[in-house]
Amino acid sequence: MTGVQTCALPISAVLVDYKGLNVPQVTELRRKLRASKASYIVVKNTLAKRALKGTPFAPLERYFEGTTAVAYTRTDPVALAKALTLHAKDNPAFTFRAGMVEGRVINVAGINALATLPSKEELFAKLLWVINAPAQRLVTAMNGVGRNLAVVVNQGVKEGKFQG
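Please read these numbers as outputs of a predicted model, since none were measured by experiment. (Residues numbered from 1 in each chain as written. Predicted model: local features only at pLDDT ≥ 70, side-chain atom pairs only at ≥ 80, totals over all residues. Heavy atoms only, no water.)

1. Examining the overall build of the chain
Turning to step 1, where the next piece is worked out: Counting its secondary structure elements, the chain contains 5 helices and 5 strands.
Turning to step 2, where the next piece is worked out: Going residue by residue from the N terminus, the α and β elements of the chain occur as β-α-β-α-β-α-β-β-α-α.
Turning to step 3, where the next piece is worked out: In terms of overall size, the chain is more extended than a compact globule, its C-alpha atoms giving a radius of gyration of 28 Å where 164 residues would be expected to give roughly 15 Å.
Turning to step 4, where the next piece is worked out: For the chain, the proportion of its 164 residues judged to be buried stands at 33%.
Turning to step 5, where the next piece is worked out: Sequence-distant contacts, at least 24 apart, represent 74% of the contacts inside the chain between residues at least 6 apart.
Turning to step 6, where the next piece is worked out: Of the roughly 11,100 Å² that the chain leaves accessible, carbon and sulfur atoms contribute 61%. (Helix = DSSP H or I, 4+ residues; strand = E, 2+ residues; numbered from the N terminus. Rg over C-alpha atoms; globule rule 2.2 N^0.38 Å. Buried < 20%, exposed > 50% of the residue type's maximum accessible area, 1.4 Å probe, protein only. Contact = heavy atoms within 4.5 Å. Areas by Shrake-Rupley, 256 points an atom, 1.4 Å probe, with all protein chains shown as cover.)

As structure tokens, then:
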């Protein structure tokens, strides 16, 4: 089949109502999402409903009412949720409807909860700290024995305990 492209489905998507946003606000949202490796597209509800049939995103069909846009990412759903909630705080007209993360539909509370999770980088840093902590404690304890011995010997020399 020449000329036909296939694409992988996004890992996560969030449906939003953008009614009341002006062009500079949408441009700012797209800039924030681009920094999070996400995209934003305004959709026509009837076309979106047809496109969803037979896909893992079919459960979202009932949320395509009114002015609908989709923010989606193939990488980090937490970064997407953080960027969207940050924009929603500055623009009350921008509201969430629902989302899908790794095959599961989430509601507005789920999107907000997702935004409060630490990023992948933060999780990796915490994991490395947990892995490193026992080795660091062992080295500190091993160094403590020699240090304590040196302090005791030094104290004995100062008090003249080693003179015969």
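2. Observations concerning helix H5 (residues 120–158)
Turning to step 1, where the next piece is worked out: Taking 1.5 Å of rise per residue, the 39 residues of H5 would be expected to cover 57 Å, and the 54 Å separating its terminal C-alpha atoms lies within 8% of that figure.
Turning to step 2, where the next piece is worked out: Largest kink in H5: about 35 degrees, centred on Asn-132, with the proline Pro-134 one to four residues after it.
Turning to step 3, where the next piece is worked out: Three or more residues of H5 are buried, namely Ala-133, Gly-144 and Gly-156. (Expected span 1.5 Å × (residues − 1). Bend = angle between axes of the 7 residues up to and from the residue.)

3. Topic: the nonpolar core
Turning to step 1, where the next piece is worked out: In this structure, Leu-33, Tyr-40, Leu-84, Phe-94 and Phe-96 are the most contacted members of the largest nonpolar core, which totals 23 residues.
Turning to step 2, where the next piece is worked out: Every element with two or more residues in this core is listed here: strand S1 (12–17), helix H1 (23–35), strand S2 (38–43), strand S3 (68–73), helix H3 (77–90), strand S4 (95–101) and helix H4 (108–116).
Turning to step 3, where the next piece is worked out: Of the residues forming this core, the biggest block, 6 residues, is contributed by H3.
Turning to step 4, where the next piece is worked out: Once residues within four sequence positions are removed from consideration, Phe-96 is found in contact with Val-14, Leu-15, Val-16, Leu-84, Thr-85, Ala-88, Val-108, Ile-111 and Asn-112.
Turning to step 5, where the next piece is worked out: Membership of the second largest hydrophobic core comes to 11 residues, among which are Ala-48, Leu-52, Phe-64 and Ala-98. (Core = buried A, V, L, I, M, F, W, Y, C linked by side-chain atoms within 4.5 Å.)

4. Observations regarding the side chain of Thr-85
Turning to step 1, where the next piece is worked out: Mapped onto the secondary structure, Thr-85 falls in helix H3.
Turning to step 2, where the next piece is worked out: The buried category is assigned to Thr-85, whose relative accessible area is 13%.
Turning to step 3, where the next piece is worked out: Look past the residues within four positions of Thr-85 in its chain and what remains in contact with it is Phe-96, Asn-112 and Ala-115.

5. Description of the environment of Phe-57
Turning to step 1, where the next piece is worked out: Looking at the secondary structure, you find Phe-57 in the loop between helix H2 (45–52) and S3.
Turning to step 2, where the next piece is worked out: Given the relative accessible area of 10%, Phe-57 is considered buried.
Turning to step 3, where the next piece is worked out: A sequence separation of 64 residues divides Phe-57 from Glu-121, and the C-alpha atoms of the two residues are 28 Å apart.

6. A closer look at the pattern of salt bridges
Turning to step 1, where the next piece is worked out: One pass over the full model with this rule turns up 5 salt bridges.
Turning to step 2, where the next piece is worked out: We note a salt bridge from Asp-17 to Arg-97, for which the minimum N-O separation is 3.6 Å. You can see Asp-17 sitting in strand S1 and its partner Arg-97 sitting in strand S4, a full 80 residues away along the chain. In terms of burial, Asp-17 and Arg-97 fall into one category: buried.
Turning to step 3, where the next piece is worked out: The partner of Lys-53 in a salt bridge is Glu-61, with the nearest N and O atoms 3.9 Å apart.
Turning to step 4, where the next piece is worked out: Owing to a relative accessible area of 53%, Lys-53 belongs among the exposed residues under this scheme.
Turning to step 5, where the next piece is worked out: Assessed through its relative accessible area of 26%, Glu-61 is described here as partly exposed. (Salt bridge = Lys/Arg side-chain N within 4 Å of Asp/Glu carboxyl O.)

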